[in-house]
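Each chain, letter by letter, is given below.
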Amino acid sequence: MRIWIVAAASAAVLCAVAGASYLSLGAVVTIVCAASVAAGAGWPVLLAVPARKTLATVIALSGISAALLAAAAPETMAMQWTVVVVALAVIAVFVIQLLRGTGQPHRLESTFGASTGAVLAALGSGWVASERLSANAADSPLLLVTAVSMLFAVAASVLPWPDRLVAPLGVVLAGLAGGVGGALFTSVPLWPAVLVGAVMGTVIVCFRRLLLAGGGPHRATAMVSAGLMPVLAAGSLVYPLERLLIH
């Protein structure tokens, strides 16, 4: 596995989300939707399951639908439709497996793997919901600080060191980056920024451990998906943490 490709995918979408947050809500939605499509295309390849095109479509539509609904829902309930999208996506995965007929190979792996991908893609709606918070809507550097914190964890994950060193290093660097951001920008509270950064760093290093434990992907589309999925999944934590600690 070329882990730098995985890291580059993570870094690209983080930079895109941070930049889009200064443009408009629609720009953030566009980035999340594009990331969902790319992640969905590579997820079945990463898991080496059959019915790849169909399952990739379900995963991509899950992320797109959740992002669009997060943008359209009332601000205080921006993620209320995410659960509905996840439920429908999982049902669609089961229907696809039924249509494949009995005796097909890897049915269980395909069902659980595609369902997991649909859930992770839908959680990307958290980035859209976070952008709708009043602090971010006023062009606060909050999302920028969060993205930079995750970038430090991504950088640590590239190091060819064992997990017992990379994992704590990634979390500490992400937390410190959040703290520096909080110190530089008066509109970003210091300690909440440290906590958000540390949590986001934990997500990144945990995904790194999962990838390495499985031997890692070997195809480019799978590597890109492996880099995008943790960033999308982190949206489910960015929104509630920022809403609870900062909003």
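This is a predicted model, so every value here is computed, not measured.

J.: Can you explain the side chain of glutamine 97? Please cite residues and give values.
T.: Examined against the element boundaries, glutamine 97 turns out to sit in helix α4 (residues 82–99). Residue glutamine 97 is classed as buried on the basis of its relative accessible area, which comes to 3%. Excluding its chain neighbours within four sequence positions, the residues that come into contact with glutamine 97 are Leu55, Arg107, Ser110 and Thr111.

J.: How would you explain helix α8 (residues 142–157) if you had to name every residue and give the values?
T.: Since one α-helical turn is 3.6 residues long, residues separated by three or four positions face the same way. In this model α8 runs 23 Å from its N-terminal to its C-terminal C-alpha over 16 residues, within 8% of the 22 Å that 1.5 Å per residue would give. Every buried residue of α8 is listed here: Leu142, Leu143, Val145, Thr146, Ala147, Ser149, Met150, Ala153, Val154, Ala156 and Ser157.

J.: Just give me the short version of the packing of α8 against helix α10 (residues 190–213), but keep the residues and values in it.
T.: Two elements in contact, α8 and α10, have axes separated by 8 Å at closest approach and are oriented at 35°. The hand of the α8/α10 crossing is right-handed. Contacts between α8 and α10 involve Val145, Thr146, Ser149, Met150, Ala153, Val154 and Ser157 from the first element and Ala193, Val196, Gly197, Met200, Gly201, Ile204, Val205 and Arg208 from the second. Tallied by class, the residues present in the contact of α8 with α10 amount to nine nonpolar, five polar and one charged.

J.: Describe the environment of alanine 222, and please don't skip the residues or the numbers.
T.: Take alanine 222: it is sitting in helix α11 (residues 220–245). Residue classification places alanine 222 among the buried positions, given a relative accessible area of 1%. Each C-alpha atom of the pair alanine 222 and proline 44 lies 7.9 Å from the other, and the pair is 178 residues apart in sequence. If we skip the residues at most four places from it in the chain, alanine 222 touches Gly42, Val45, Leu46 and Pro217.

About the criteria used
- Residues numbered from 1 in each chain as written.
- Predicted model: local features only at pLDDT ≥ 70, side-chain atom pairs only at ≥ 80, totals over all residues.
- Heavy atoms only, no water.
- Helix = DSSP H or I, 4+ residues; strand = E, 2+ residues; numbered from the N terminus.
- Buried < 20%, exposed > 50% of the residue type's maximum accessible area, 1.4 Å probe, protein only.
- Contact = heavy atoms within 4.5 Å.
- Expected span 1.5 Å × (residues − 1).
- Axes fitted to C-alpha atoms, helices over the stretch in contact; angles between N-to-C directions.
- Left-handed = near helix turned anticlockwise from the far one by under 90°.
- Nonpolar A, V, L, I, M, F, W, Y, C, P; charged D, E, K, R; others polar.

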